[in-house]
Amino acid sequence: AQTVTQSQPEMSVQEAETVTLSCTYDTSESDYYLFWYKQPPSRQMILVIRQEAYKQQNATENRFSVNFQKAAKSFSLKISDSQLGDAAMYFCAYKGVPQGGSEKLVFGKGTKLTVNP
Amino acid sequence: GAVVSQHPSRVICKSGTSVKIECRSLDFQATTMFWYRQFPKQSLMLMATSNEGSKATYEQGVEKDKFLINHASLTLSTLTVTSAHPEDSSFYICSARQVQETQYFGPGTRLLVL
């Protein structure tokens, strides 16, 4: 079974600085999807970024980018120019492809990010 | 972007009563919807996967007779907590899968059973 590990229960960053959240996963599949979701205090889960495993290029969305290392099974999230509104729980998630894989999202335990003014 | 709504956002009920939570995909059709439960300061726990027009697939340990799921249309899935008890108090979140494998989440429903 696939597992997702977020080794940092909590992180903090100064406003305008850069922070990197770690995520590793374990799978025997060659094709899959990886996601970062953000859950602010409102508890609404918000998609931050997604990565298809077959793509070598790292996904970026404005201030958010990932460092996807397929061989190392690592999928870290970098937040640049951190803003107060970035404070939230961040969940890394894995999903296999439908053919032979699972429809389910496998979540890590989350990293609580605090942004200090 | 894809929008998913949930209703109600919070509900308080007496022990022994049943509560229905609705999950709607507002601007897309979702053949698959998912129901999660989240305890305080924990990650999301998948309860069941719901496919339109067919029976839901429940995760191990989830009582299907207690948590009834109906996915009658491509935009609506419902979760009914039957004979609710205080231990069922939790935060319930639904998600809907659009194309390209991405799940979009509803805002959640906070259930308190007295």
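Note that this is a predicted model, so its numbers are computed, not measured. (Residues numbered from 1 in each chain as written. Chains lettered and ligands numbered in written order. Predicted model: local features only at pLDDT ≥ 70, side-chain atom pairs only at ≥ 80, totals over all residues. Heavy atoms only, no water.)

Enquirer: Describe the overall build of chain B, naming the residues involved and giving the relevant values.
Expert: When helices and strands are counted, chain B shows zero helices and eleven strands. Starting at the N terminus and ending at the C terminus, chain B contains elements arranged as β-β-β-β-β-β-β-β-β-β-β. The C-alpha atoms of chain B give a radius of gyration of 13 Å, which matches the 13 Å a tight globule of 114 residues would have. Restricting the contact set of chain B to residue pairs at least 6 apart, pairs at least 24 apart contribute 53%. Summed over its atoms, the accessible surface of chain B is roughly 5600 Å², and 51% of this surface lies on carbon and sulfur atoms. Within chain B, the 9 negative side-chain charges are centred at a point lying 7 Å from the centre of the 11 positive side-chain charges. (Helix = DSSP H or I, 4+ residues; strand = E, 2+ residues; numbered from the N terminus. Rg over C-alpha atoms; globule rule 2.2 N^0.38 Å. Contact = heavy atoms within 4.5 Å. Areas by Shrake-Rupley, 256 points an atom, 1.4 Å probe, with all protein chains shown as cover. Lys, Arg positive; Asp, Glu negative; His and termini not counted. Charge placed at Lys NZ, Arg CZ, Asp CG, Glu CD.)

Enquirer: Describe the packing of aromatic side chains, with residues and values.
Expert: In total, this model carries 14 aromatic pairs over all chains according to the counting rule given. Taken together, a centroid distance of 5.9 Å and an interplanar angle of 80° make the contact between Phe107 of chain A and Tyr36 of chain B edge-to-face. With one member in each of two chains, Phe107 of chain A in strand 11 (residues 106-107) and Tyr36 of chain B in strand 4 (residues 32-38) form a pair that bridges those chains. With relative accessibility at 0%, the residue Tyr36 of chain B sits in the buried group. A cation over an aromatic ring shows up here: Arg43 of chain A above the ring of Phe91 of chain B, its NZ or CZ 4.0 Å from the ring centre. (Phe/Tyr/Trp six-rings, centres within 6.5 Å; stacked < 30°, edge-to-face > 60°. Buried < 20%, exposed > 50% of the residue type's maximum accessible area, 1.4 Å probe, protein only. Lys NZ or Arg CZ within 6 Å of the ring centre and 35° of its normal.)

Enquirer: Can you explain the interface of chain B and chain A? Please cite residues and give values.
Expert: If you look at the interface, chain B gives 21 residues, while chain A gives 19 residues. Approximately 1700 Å² of surface area, both sides summed, lies buried where chain B meets chain A, with 52% of it carried by carbon and sulfur atoms. For the chain B face of the interface with chain A, the top three residues by lost area are Ser43, Glu101 and Phe105 of chain B, together amounting to 31%. Where chain B touches chain A, the interface holds one salt bridge. Here Glu59 of chain B and Lys104 of chain A are joined by a salt bridge, their closest N and O atoms 2.9 Å apart. Residue assignment for the side of chain B that touches chain A shows that the elements contributing at least two residues are strand 4, strand 5 (44-51), strand 9 (90-97) and strand 10 (103-105) of chain B. Classifying every residue of the side of chain B that touches chain A gives ten nonpolar, seven polar and four charged. (Buried area = accessible area lost by both parts, 1.4 Å probe. Salt bridge = Lys/Arg side-chain N within 4 Å of Asp/Glu carboxyl O. Nonpolar A, V, L, I, M, F, W, Y, C, P; charged D, E, K, R; others polar.)

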